[in-house]
Amino acid sequence: DGGITQSPKYLFRKEGQNVTLSCEQNLNHDAMYWYRQDPGQGLRLIYYSQIVNDFQKGDIAEGYSVSREKKESFPLTVTSAQKNPTAFYLCATRPVQGSQPQHFGDGTRLSIL
Amino acid sequence: AQSVTQPDIHITVSEGASLELRCNYSYGATPYLFWYVQSPGQGLQLLLKYFSGDTLVQGIKGFEAEFKRSQSSFNLRKPSVHWSDAAEYFCAVGALGGYQKVTFGIGTKLQVIP
């Protein structure tokens, strides 16, 4: 989706290191989401935010942290506490009002060195 | 709790043949249902969605899906598959509006052979 930019496309993490994945959107959507995708497991929700300066844990938040200082940005930090971080990470957005579905970015693939 | 079952992990069809991908859901209220498609290394693209109205929903790329409340199903169909349809397909169920917690199935990988 051209309105959601995830960077970098590929990221490598060393043991004990924190890394941050970027998600920026120009769709003026209020809600933003982070998902983790593993083969054979579909998408699992890590964190979501419906408004600036507010966010909630999803189903698998342990070892991750987020911030929402601006409407356009929702960065995800994978901390050293996340023991199995290798996965494909997807950011999504949607307007809070109405029946619009979630729109997805192109993802970031995180691997361990 | 809401859940989605996609019973077929992998499907192979010949180009030009018809396609049906199965999806069963569990949801306590009126469901908001989606089908997304994902090409390798890419994000998810919405094919179609259903909340109310006509139970046969038309989507992009020639896909359609039929909501059957009595069977808790939302199967995706295409009358004639093209090689470019090879991808992974995800069915999802969620609430309308607000936080919109969405639960995804594990996906069905479609292979198209000449």
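Here, every reference points to the structure presented above.
Rules of the game
Residues numbered from 1 in each chain as written. Chains lettered and ligands numbered in written order. Predicted model: local features only at pLDDT ≥ 70, side-chain atom pairs only at ≥ 80, totals over all residues. Heavy atoms only, no water. 1 Å grid on protein atoms, 1.4 Å probe; cavity = no way out; pocket = protein on both sides within 12 Å on 5 of 7 lines; lining within 4 Å. Points joined across faces, edges and corners; volume = space filled by probe spheres on them. Helix = DSSP H or I, 4+ residues; strand = E, 2+ residues; numbered from the N terminus. Nonpolar A, V, L, I, M, F, W, Y, C, P; charged D, E, K, R; others polar. Contact = heavy atoms within 4.5 Å. Buried area = accessible area lost by both parts, 1.4 Å probe. Salt bridge = Lys/Arg side-chain N within 4 Å of Asp/Glu carboxyl O. Polar contact = N/O pair within 3.5 Å; in protein donor to acceptor, adjacent residues only side chain to side chain. Buried < 20%, exposed > 50% of the residue type's maximum accessible area, 1.4 Å probe, protein only. Phe/Tyr/Trp six-rings, centres within 6.5 Å; stacked < 30°, edge-to-face > 60°. Lys NZ or Arg CZ within 6 Å of the ring centre and 35° of its normal. Pairing = 2+ DSSP bridges. Axes fitted to C-alpha atoms, helices over the stretch in contact; angles between N-to-C directions. Patch = residues over 30% accessible without salt bridge, like charges linked within 9 Å, V, L, I, M, F, W, Y side chains within 5 Å. Areas by Shrake-Rupley, 256 points an atom, 1.4 Å probe, with all protein chains shown as cover.

## Some points on the layout of surface pockets
Considering only enclosed or pocket space, the largest pocket measures out at about 370 Å³ in volume. Forming the boundary of the largest pocket are 21 residues, of which Q37(A), R109(A), Q38(B), E88(B) and K109(B) lie nearest the centre. The set of elements that each furnish at least two residues to the lining of the largest pocket consists of β9 (87-94) and β11 (108-112) of chain A together with β10 (87-94) of chain B. Class assignment for the residues of the lining of the largest pocket results in nine nonpolar, eight polar and four charged. The volume enclosed by the second largest pocket comes to roughly 280 Å³.

## Here we look at the interface of chain A and chain B
Taken together, the contact between chain A and chain B spans 24 residues of the former and 21 residues of the latter. Here chain A packs against chain B, burying approximately 1700 Å² in sum over the two surfaces, 51% of which is carbon and sulfur. For the interface between chain A and chain B, the tally reads one salt bridge. Across the pair D59(A) and K101(B) runs a salt bridge, and its minimum N-O distance is 3.2 Å. Counting across the interface, chain A meets chain B through four residue pairs in polar contact (both at pLDDT 80 or more). Mapped onto the side of chain A that touches chain B, the elements with two or more residues apiece are β4 (31-37), β5 (43-51) and β9 of chain A. The biggest single contributor to the side of chain A that touches chain B is β5(A), with four residues. Looking at the side of chain A that touches chain B, its residues break down into 10 nonpolar, 10 polar and four charged.

## Notes on the side chain of T103(B)
Residues and elements named next belong to chain B. Of note, T103 is situated in strand β11 (residues 102-104). Judged by relative accessible area, T103 falls into the buried class, the value being 17%. Here Q2 takes part through its side chain, which lies 2.9 Å from a polar atom of the side chain of T103.

## Looking at the packing of aromatic side chains
Note on aromatic pairs: each is described by the distance of the centres and the angle between the planes. This structure, assessed with the given rule, holds 16 aromatic pairs over all chains. Seen in terms of ring centroids, Y25(B) and F67(B) are 6.1 Å apart; in terms of plane orientation they differ by 25 degrees. Their pairing is stacked. Linking Y25(B) in strand β4 (residues 24-26) with F67(B) in strand β8 (residues 64-68), this pair joins segments that are 42 residues apart in sequence. For the pair Y25(B) and F67(B), one class covers both residues: buried. Members of the aromatic cluster, joined through ring pairs, are Y33(A), Y35(A), Y48(A), F104(A), Y32(B), F34(B), Y36(B), F51(B) and F104(B). Here the guanidinium or amino end of R68(A) rests over the ring plane of F74(A), the centre of that ring lying 6.0 Å away.

## Here's the deal with the sheet that holds strand β8 (residues 76-78) of chain A
Residues and elements named next belong to chain A. Read across the open sheet, the four strands follow the order β1-β3-β8-β7; overall the sheet is antiparallel. On the outer flanks of this sheet lie β1 (4-7) and β7 (64-66), each paired with one strand and no other. Pairs of neighbouring strands in the sheet enclose a mean axial angle of 20 degrees, with direction left out of account. Looking at chain direction, strand β3 (residues 19-25) and β8 are connected through three bridges and run antiparallel. Each residue of the ladder has a partner; that of T20, found in β8, is T77.

## Notes on a nonpolar patch on the surface
Residue and element names in this part refer to chain A. On the surface, a nonpolar cluster with roughly 380 Å² of combined accessible area is contributed by Y10, F12 and L113. Its location among the elements puts L113 in the segment after β11. Judged by relative accessible area, which is 62%, L113 ranks as exposed.

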